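Given next are the chains, with one letter for each unit.
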Amino acid sequence: MRHAGLIAGAATAALVAAGAITYAVAGDDGGGRTPSAESADAGFARDMAVHHQQAVEMSYIVRDRTKDEEVRRLAYDIAQTQANQRGMMLGWLDLWALPKVSSEPPMTWMDMGGMASGKDGALMPGMATNSEMKKLGELSGKQAEVFYLQLMTDHHKGGVHMAEGCVARCQVGVEKRLAQGMVDAQQSEISLMADMLKERGAAPRP
């Protein structure tokens, strides 16, 4: 239970940051200009919405596969936070009247369109493959906890990389602030998950 405060604190910080920006208009700090479909702002919103959706799915899977309250609490917080953020990013695309899908490969907005092959469903950095998602749904107890924490650590590392790309490239102020909030919260959770893995006799994947 000693991690409960850290888990709740990270989730609360992320949700407060998210809630604080929902009032902002789509062109906030962007000179009143609507981003183009090829912009970093649109690319990040599209790609991170997909990235977040998988984190939500993984989190709900593990909640059904373990009775460990610490892991279940972390998974719930991640699912709620990332579902909230995903909704905002899709909402911005609607406000900008931009498509939610692109003919360009994922990560093109970061000049990394060829980085992820999309093999077995891993479309972007850190994303789990379809085979890994299936495996998570078949494990239970401690095995499910460890595999989830390893998958989510990789997922967060990829998410941090993408969010840092938006901080550097995005033009809409409210989106840049959301991205920075993702970096801070997910780095904190990466550290927390390393401790949780150690307690279970495991470690993040190399």
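Coordinates for the structure precede this section.
Residues numbered from 1 in each chain as written. Predicted model: local features only at pLDDT ≥ 70, side-chain atom pairs only at ≥ 80, totals over all residues. Heavy atoms only, no water.

Trainee: Report on the nonpolar core, specifying residues and quantitative values.
Mentor: One finds Phe 44, Met 89 and Trp 109 to be the most contacted residues of the largest nonpolar core, which totals 31 residues. Contributing elements (two or more residues each) for this core: helix H2 (40-63), helix H3 (69-95), helix H5 (141-169) and helix H6 (173-199). Aside from chain neighbours lying at most four places away, what touches Met 89 is Phe 44, Ala 45, Met 48, Ala 49, His 52, Leu 178 and Met 182. One finds Val 62, Ala 75, Ala 128 and Leu 149 within the second-largest nonpolar core, a separate group that totals 22 residues. (Core = buried A, V, L, I, M, F, W, Y, C linked by side-chain atoms within 4.5 Å. Buried < 20%, exposed > 50% of the residue type's maximum accessible area, 1.4 Å probe, protein only. Helix = DSSP H or I, 4+ residues; strand = E, 2+ residues; numbered from the N terminus. Contact = heavy atoms within 4.5 Å.)

Trainee: Can you lay out the pattern of salt bridges for me, pointing to particular residues and giving the numbers?
Mentor: Opposite charge on two side chains permits pairing when their charged atoms draw close. This model, assessed by the stated rule, comprises nine salt bridges. With a closest N to O distance of 3.1 Å, Arg 200 and Asp 68 form a salt bridge. With a gap of 132 residues between them, Arg 200 in the segment after H6 and Asp 68 in the loop between H2 and H3 connect regions that are remote in the sequence. The exposure class assigned to Arg 200 is buried, which follows from its relative accessible area of 10%. Since its relative accessible area comes to 24%, Asp 68 is described here as partly exposed. Here Lys 100 makes a salt bridge to Asp 94, at a shortest N to O gap of 2.4 Å. (Salt bridge = Lys/Arg side-chain N within 4 Å of Asp/Glu carboxyl O.)

Trainee: Residues and numbers for the packing of H2 against H6, please.
Mentor: At a minimum axis separation of 11 Å, H2 and H6 run at an interaxial angle of 35°. The element H2 and its partner H6 pack so that their crossing is left-handed. In contact with Asp 41, Phe 44, Ala 45, Met 48 and His 52 of H2, H6 contributes Glu 175, Ala 179, Met 182 and Gln 186. Class assignment for the residues of the contact of H2 with H6 results in five nonpolar, two polar and two charged. (Axes fitted to C-alpha atoms, helices over the stretch in contact; angles between N-to-C directions. Left-handed = near helix turned anticlockwise from the far one by under 90°. Nonpolar A, V, L, I, M, F, W, Y, C, P; charged D, E, K, R; others polar.)

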